[in-house]
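# Fold and contact review
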Amino acid sequence: MGSGRLLAVGPLTAKMMLYLASLATAFVALMLGECISVGTCYLIAAFALLACVSSIIGVVNGAKTDLLMSDLRLYAYIPALCFFDLAIRSQRAVDLVSKAIRIASVVMFLACASIIVLVLSGKLTVVDVLTYVSVGSSEDLMASQEGIGIRLFYKGYVYLGVGVLFWAARPGWKSKIIAGFAFALIVLSGTRGLSLAVIICWLLTWALTIKKKSAVTRLVAAGILVGVLAASPYVVSVLRGGDQISSSNDDRLLTIRQVEAQVTPGSLFWGHGLGVGVPARREHMEITYLEFFHKNGLIGLAIWVSLLALILERYLRLHGSAPAEVAVPFVSGVLLIAIDTFSNPTLNNPIGLSMVFITLGVLGFLGNIARRKRIFARVSV
């Protein structure tokens, strides 16, 4: 609902209220004697230090206050990791999170598909849609009549992609059909990066969850997915319009050239600081890793990538065990976030970070289960 803006109470959106409630819950749990993991402590401390150092560098380099505060808002979300660490500590919690993601993707599909049908049938106009969601102030939903018919894109579509992976990982043809419909809506949105990310992660999910099948079945399934991967860029270009895609490419190339032109020996390691962009992108860049490098340098980029590295390390410890299968859609969802971040500001956003935090919590719990089983097996022997 537009990051909760359609459910706002005064200046507070639903997202803000949930965030504050999660921090309060974590605080109470810690006061009552609960403990967070070492990994969570490391990540919060590392990002707190990065935010402080990068803010100082940004001020020294003349960062404007509004741009600096805009960047710092992201780091203010990092403590929410404590909540996910403390809340996801049972199989029931893991199952509930998985179910919530699947249901949310279906709700999002039905809502956005209904908007498209209403616009194409003349019951609504693009202006009606934009006015209702206050896109002028939130920019969470974008709608236009470019390409063929209507192009509708919502920033939360990344969870439609994550939903595709969770449905695809479930047995049964009904789950696969739901995943297919959700993926079709993503392609119709004309987002190349997200579409390709979903295909790549769908292939990975299939490879990690497929049971013993015949060679022909595997070959046919792989052929279908590869065919979709090859055809989707063309389909997206038709739906979105060649001129619009060319302009998007030019904007990204311009940003890369401007970042490259401003690299110095010092900025290579610690960046130009928060709140300092480039002429083409004063605030945020579509290629998020490029923004990390420009503002935080290689050191800051390494801290951001450590989020993904920790998830990979925890999953590899599980690989080959029974809990690993439960973890597959969560890990694939984070991989989707990581890939989409190459072309869209996903990881540096509570939308993307929430999936990362959820997965860290799930892998932490599953890792403890696998560890206890190994200890029990050794004791039994």
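See the structure above.
Because the structure is predicted, anything quoted here is derived from the model rather than measured.

Thresholds applied
Residues numbered from 1 in each chain as written. Predicted model: local features only at pLDDT ≥ 70, side-chain atom pairs only at ≥ 80, totals over all residues. Heavy atoms only, no water. Helix = DSSP H or I, 4+ residues; strand = E, 2+ residues; numbered from the N terminus. Contact = heavy atoms within 4.5 Å. Phe/Tyr/Trp six-rings, centres within 6.5 Å; stacked < 30°, edge-to-face > 60°. Buried < 20%, exposed > 50% of the residue type's maximum accessible area, 1.4 Å probe, protein only. Lys NZ or Arg CZ within 6 Å of the ring centre and 35° of its normal. Axes fitted to C-alpha atoms, helices over the stretch in contact; angles between N-to-C directions. Parallel < 35°, antiparallel > 145°, perpendicular 65-115°, else oblique. Left-handed = near helix turned anticlockwise from the far one by under 90°. Nonpolar A, V, L, I, M, F, W, Y, C, P; charged D, E, K, R; others polar.

Quick look at the side chain of Asp71 now. Topologically, Asp71 is positioned in helix α3 (residues 65-75). Among residues more than four places away in sequence, those in contact with Asp71 are Leu274, Gly275, Glu283, His284, Glu291 and Lys295.

This brings us to the packing of aromatic side chains. On inspection of all chains with the given rule, the structure shows 13 aromatic pairs. Taking the centre distance of 6.0 Å and the plane angle of 75° together, the rings of Phe183 and Trp202 count as edge-to-face. Here Trp202 lies in helix α10 (residues 192-209) and Phe183 lies in helix α9 (residues 173-188), a separation of 19 residues in the sequence. Accessibility assignment for this pair places Phe183 and Trp202 in one class, buried. Judged by centre distance (4.4 Å) and plane angle (10°), the ring pair of Phe292 and Trp304 falls under stacked. Looking at Trp304, the relative accessible area reads 1%, which means it is buried. Put simply, the rings of Phe47, Tyr75, Tyr289, Phe292, Trp304 and Phe342 pair up and form one aromatic cluster. Looking at Arg102, its charged tip hangs above the ring of Trp167, at a distance of 5.6 Å from the centre.

To continue, consider the packing of helix α5 (residues 91-120) against α9. Direction vectors running N to C along α5 and α9 enclose 45°, while the axes themselves pass 10 Å from each other. If you check the angle between α5 and α9, you find them oblique. Taken as a pair, α5 and α9 cross one another with a handedness that is left-handed. Along the contact surface, α5 presents Val106, Phe109, Cys112, Ala113 and Ile116, while α9 presents Ile178, Phe181, Ala182 and Leu185. Here the residues of the contact of α5 with α9 are counted per class, giving nine nonpolar, no polar and no charged.

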